[in-house]
Amino acid sequence: MFKIRTLAAFALSICLLAALGCSSEPKKEEAKTEAPAPAAEVKKDEAKPLTIGLILVGPYNDKGYSQAQYEGCKYVEAKMGAKLVYLDKVNPADRPGLTIPQVADDLIEKGADLIIAGSDDMKDGILEAAAQHPDKTFVHVSGDAVWTGKAPANLGNLFAKMEYSKMMAGFTAAMTTQTGKIGVVGPLVNEETRRLMSAAYLGAAYAWTEVRGKDLKDLSFNVKWIGFWFNIPGVTSDPTQVAGSLIDAGYDVLISGIDTPEAVTVAKQRAAAGKNVWALPYDFEKACEGQGNVCLGVPYFNWGPGFLRIAKQVADGSYKPGFEWDGPYWANYNDPDLSPVGFARGEGMTEGTRDALDTFIAKLGSGEVNLFTGPLNYQDGTPFLNEGETATDKQIWYMHQLLQGMEGLSSAE
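Bear in mind that the values here come from a model prediction, so they are computed numbers and not experimental data. (Residues numbered from 1 in each chain as written. Predicted model: local features only at pLDDT ≥ 70, side-chain atom pairs only at ≥ 80, totals over all residues. Heavy atoms only, no water.)

A word on the packing of aromatic side chains. This model, assessed by the stated rule, comprises 24 aromatic pairs. What links up through ring pairs into an aromatic cluster is the set Tyr65, Trp147, Phe159, Tyr282, Phe301, Trp303, Phe307, Phe323, Trp325, Trp397 and Tyr398. The side chain of lysine 161 reaches across the aromatic face of tryptophan 325, ending 5.2 Å from its centre. One Lys or Arg, arginine 195, reaches over the ring of tryptophan 397 and ends 3.9 Å from the middle of that ring. (Phe/Tyr/Trp six-rings, centres within 6.5 Å; stacked < 30°, edge-to-face > 60°. Lys NZ or Arg CZ within 6 Å of the ring centre and 35° of its normal.)

Here's what the structure looks like:
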C-alpha cells in the first residue's frame, strides 16, 4: 500500500496547493462504536452554511470511485445548501510530496468545517490532521481507527457494505460466462479488497452451483492485482494489459475492482473484434453508459445519503464520531436517497439473468441466503468459518486471505 510521505517543506507544499487549487465547483445497518463529540459544535441558528472539504485519491471525474464521492458531496450541496471545496488526485504519482495534513490545512483555510478523506491509503495522514485540528470534524471513508481505538475524538469512520453488490456482480458473471472462467482486475491487496473479491466469488459460486447446477470445480475465479487503486505508469501493472491477458487466457467475463473503467473498455474493444466477452466495472452508477452489450452491470457506491446524514449532524452539533458501516436499503436496493450501495444492470444482462438476480437479491435481503456462512476456508485451507457459523462484521472486515477456490495472491509480494 502506498503511503504519502513528506518530501518537501511545508512552505513549498502550500505553494503547490496554491498552484493546483481547490475548487468549490466543479435506516442503515451498521456496526458502530461511539466516541465523544468534537470539541467545537456548530450552533443550529448559525447563518453560515456548512463547508465540506473533500480529499479524493483520483480525478473527480474518473467514472469510478472518486467521482462517486464527488457526486455524493454534490448531493449534500443540493439537499442542505452546504458548500463543497475539494482537492482531487491526492496520490504519490499526481502530487508527490503532498501530505494529507497539508491538504487538510488548505481546505480548512478555505472554510471547511467537515473534512472527508476518501481513501484507505489516507488513514495515517487523516489521523494526524484530525489531531492537529481538534475543533474540526473529520471523517475517513474506509479505515477502522474508531474500531481500533486509534481515532481522536473528532474523527469518525464511514463505509458501505459493498460486499452485497459484489456478490451480485459475481452472481451475474457466473450466470453469463460461457467458458466457466471469470477474471478479476484487482487494485492493491488489503483487507478491504480481500473481502470484496471474496464476496464476488461467493456470489459467483452460488449462481454456478445453485442456479446453473454446475460443479464448483469447473468454475475458475482468478484475481490479478495491479498494485494500486488505478494505473500509475511505471509503478503499477497496466490494467489494460491485465484485462487483455485474462481475455487471452479464456476468461470471458471480467469483474473490475479498480477505480477506473479499463476492464469494460478492453472488453468492448475485444467484443468489437469478434470475442464473446463481457465485463462489470465498479464504483460509479453510470459506468456502463456508452459501453453497450459488453457491460453486464455495475456494483456502485451511493455516498449521498451517508454524507448527508453526517453533514446534518455536524451542522446541528449532534454528530458523535463512530464506526459506521452502512448496509443496503433492501426494500429498494437502488434507492438514491436511502441505499448506500446499489447494483445497476447493464445492457448485456439477459432477461433470464435479470430474473435470477432479482430472486437472489430478495433472498439476500430476507436473510434466506447468507453467503458468509460456514464452512468456508481460506486459500491455505485454514478455517475462515466453521460449519454453520455466520460471520460477524469484524470477521468479514478483517479477512486475512482470499477464500479457498479462488486463484490469485492473498498478500502483496
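This part covers the side chain of asparagine 154. Looking at the secondary structure, you find asparagine 154 in the loop between helix H5 (145-148) and strand E5 (155-160). Classification of asparagine 154 as buried rests on a relative accessible area of 4%. A polar atom in the side chain of asparagine 154 sits 3.0 Å from the backbone oxygen of alanine 130. (Helix = DSSP H or I, 4+ residues; strand = E, 2+ residues; numbered from the N terminus. Buried < 20%, exposed > 50% of the residue type's maximum accessible area, 1.4 Å probe, protein only. Polar contact = N/O pair within 3.5 Å; in protein donor to acceptor, adjacent residues only side chain to side chain.)

Before going further, it helps to spend a moment on the state of the cysteines. One pass over the full model with this rule turns up 1 disulfide. Paired by a disulfide, cysteine 288 and cysteine 295 hold their sulfur atoms 1.9 Å apart. The disulfide joining cysteine 288 to cysteine 295 has a torsion of about -70° about its S-S bond and is therefore left-handed. The buried category is assigned to cysteine 288, whose relative accessible area is 13%. Note on cysteine 295: relative accessible area 1%, which makes it buried. (Disulfide = S-S within 2.5 Å.)

Here we take up the pairing of strand E8 (residues 253-256). Burial of the side chains of E8 extends over both faces: Val253 and Ile255 are buried on one face and Leu254 and Ser256 on the other. Note: strand E6 (residues 181-186) against E8, 4 bridges, orientation parallel. Bridge pairing links glycine 183 to leucine 254 in E8. Both E8 and strand E9 (residues 278-280) contribute to a ladder of 3 bridges, which runs parallel. Residue pairing in the sheet places isoleucine 255 in a bridge with leucine 280 of E9. Each parallel crossover has a hand, and the one from E8 via helix H9 (residues 262-272) to E9 is right-handed. (Pairing = 2+ DSSP bridges. Right-handed = clockwise from strand over helix to strand, strands pointing away.)

According to the stated counting rule, one finds 13 salt bridges in the structure shown. One salt bridge connects lysine 79 with aspartate 337, and the closest N-O pair in it is separated by 3.9 Å. Of this pair, lysine 79 sits in helix H2 (residues 65-80) while aspartate 337 sits in the loop between strand E11 (323-326) and strand E12 (341-345), placing them 258 residues apart in sequence. Given the relative accessible area of 48%, lysine 79 is considered partly exposed. Bridged by salt links that share partners, the residues Lys48, Asp113 and Lys136 form one connected network. (Salt bridge = Lys/Arg side-chain N within 4 Å of Asp/Glu carboxyl O.)

The values reported here are purely geometric and, on their own, carry no functional implication.
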